[in-house]
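In case you want the letters, here they are:
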Amino acid sequence: MRHRGGALLRMTAAIVFWPLVWQMLSFLIGSVLLLPSPWAVVRSFCGLAQTTEFYRSILHTLLRVAAGFAAGMAAGLLAGTLTAFSRGADVLLTPLKNIIKATHVTSFIVLILLYFSSKVTPSAGAFLAVLPICWSNVYEGLRQTDKKMTELAHAYAFGRKKTLREIYFPAVRPYLSAAATTGLGFAWKSCVAAEVIALSKNSGGRALYESKLYLETAELFAWTASVVLI
């Protein structure tokens, strides 16, 4: 109990410390346009939370993130499985994966805007952020499957479906879970970035951009806090 109380005290002190630093810097700068105080941001956040536009924007952003994340995970699972089991597919598709990993998502967002509407772009950005992560993890998980277990499944004539269910899926599950955890964070950040660039209607990203455009710095911080909290 004493150890738990000490840990709670340290965590509380850290939480209190940074707002105090923020308040001190805001006081020293003396300009709400450059750095609003924490209380000003809280007031702005409370004002936003009383509007239907706030919840509509957050909901639309969440739906775009969910769509891009689900599509990226599904495509990554398929591509990872295909390249793990097929040498030809691995040789053919791995350069595509490397290109997606090496290219910044902002470049893809701008390119996507050339061909699709601003409604599709955020989900596409989230999809491209998740795809290579899931793909690499699934591929690695399948390649690391214990060969003795697959030989045992073959000896006992498990069949393809049972081998996948009993041998491969348990082996790849931790890798898939790690991909989902990491990918969801990247999907969220990529989607919001795409909304800022595409100025998608009813979106947190557009609200961020407009707050910056009209020099509503406290509101900009409030929207940023919303993104972080969600």
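Worth saying up front: this structure is predicted, and the values here are computed from it rather than measured.

Undergrad: Requested: an account of the overall build of the protein, with residues and values cited.
TA: Scanning the protein from N- to C-terminus turns up 10 helices and zero strands. For the protein, the α and β elements follow one another from N to C terminus as α-α-α-α-α-α-α-α-α-α. The 230 residues of the protein split such that 36% are buried. Total accessible area on the protein is roughly 14400 Å²; 69% of this is exposed by carbon and sulfur atoms.

Undergrad: Account for the environment of S57, with residues named and values stated.
TA: Considering the arrangement of structural elements, one finds S57 in helix α3 (residues 52-85). Taking the C-alpha atoms as reference points, S57 and N202, 145 residues apart in sequence, are found 4.5 Å from one another. Not counting residues up to four positions away in its chain, the partners in contact with S57 are N202, S203, G204 and W223.

Undergrad: Report on the packing of α3 against helix α4 (residues 87-102), specifying residues and quantitative values.
TA: Where α3 meets α4, the axes come as close as 5 Å, and the angle between the chain directions of the two elements is 125°. The angle between α3 and α4 places the two elements in the oblique class. Here α3 contributes L82, T83 and F85 to the contact with α4, which in turn contributes R87, A89, D90 and L93. Here the residues of the contact of α3 with α4 are counted per class, giving four nonpolar, one polar and two charged.

Undergrad: Describe the pattern of salt bridges, with residues and values.
TA: As enumerated under the stated definition, the model contains three salt bridges in all. Between R64 and E195 there is a salt bridge, with the nearest N and O atoms lying 3.0 Å from each other. Taken together, the residues span a long stretch of sequence, with R64 in helix α3 and E195 in helix α8 (residues 160-198) at a distance of 131 residues. An identical accessibility class is assigned to R64 and E195; each is buried.

Undergrad: How would you summarise the nonpolar core if you had to cite specific residues and measurements?
TA: Ranked by internal contacts, the top residues of the largest apolar core, which has 27 residues, are M73, C134, V138, A187 and W223. Contributions of two or more residues to this core are made by α2 (38-48), α3, α6 (121-143), α8, α9 (204-213) and α10 (217-229). In contact with A187, not counting residues within four places along its chain, are V65, F69, A126, A129 and V130. Formed by eight residues, the second largest nonpolar core is a distinct cluster that contains A79, L128, L131 and W135.

Undergrad: Before we move on, can you summarise the packing of α3 against α6 with the specific residues and values?
TA: The contact between α3 and α6 brings their axes to 6 Å, and the two run at 30°. As α3 runs across α6, the sense of the crossing is right-handed. Residues belonging to the contact of α3 with α6 are distributed by class as follows: 19 nonpolar, seven polar and two charged.

Undergrad: Please set out the packing of aromatic side chains residue by residue, giving values where relevant.
TA: Within a pair of aromatic rings, the relevant descriptors are the distance that separates the centres and the angle that separates the planes. One pass over the structure, following the stated rule, counts five aromatic pairs. With 5.1 Å between their ring centres and 85° between their planes, F54 and Y55 make a pair best called edge-to-face. Pairwise contacts between aromatic rings join F45, F54, Y55 and W223 into one cluster. Above the ring of Y139, the side-chain terminus of K97 is found at 5.3 Å from the ring centroid. Here the basic side chain of K189 rests over the ring of F186, its NZ or CZ set 5.0 Å away from the ring centre.

Undergrad: Give me the lowdown on the confidence of the model for the protein, citing residues and values where you can.
TA: Looking at the protein, the pLDDT average stands at 85 and 87% of residues meet or exceed 70. Element-level mean pLDDT values for the protein span from 57 in helix α7 (residues 147-155) up to 92 in α3.

Undergrad: Describe a nonpolar patch on the surface, and please don't skip the residues or the numbers.
TA: Side chains of M24, L25, F27, L28, I29 and L34 sit close together on the surface and give an oily, nonpolar patch of about 700 Å² of accessible area. In this structure, L28 sits in helix α1 (residues 2-29). For L28, a relative accessible area of 64% translates into the label exposed.

Cut-off values and rules
Residues numbered from 1 in each chain as written. Predicted model: local features only at pLDDT ≥ 70, side-chain atom pairs only at ≥ 80, totals over all residues. Heavy atoms only, no water. Helix = DSSP H or I, 4+ residues; strand = E, 2+ residues; numbered from the N terminus. Buried < 20%, exposed > 50% of the residue type's maximum accessible area, 1.4 Å probe, protein only. Areas by Shrake-Rupley, 256 points an atom, 1.4 Å probe, with all protein chains shown as cover. Contact = heavy atoms within 4.5 Å. Axes fitted to C-alpha atoms, helices over the stretch in contact; angles between N-to-C directions. Parallel < 35°, antiparallel > 145°, perpendicular 65-115°, else oblique. Nonpolar A, V, L, I, M, F, W, Y, C, P; charged D, E, K, R; others polar. Salt bridge = Lys/Arg side-chain N within 4 Å of Asp/Glu carboxyl O. Core = buried A, V, L, I, M, F, W, Y, C linked by side-chain atoms within 4.5 Å. Left-handed = near helix turned anticlockwise from the far one by under 90°. Phe/Tyr/Trp six-rings, centres within 6.5 Å; stacked < 30°, edge-to-face > 60°. Lys NZ or Arg CZ within 6 Å of the ring centre and 35° of its normal. pLDDT = per-residue confidence, 0-100. Patch = residues over 30% accessible without salt bridge, like charges linked within 9 Å, V, L, I, M, F, W, Y side chains within 5 Å.

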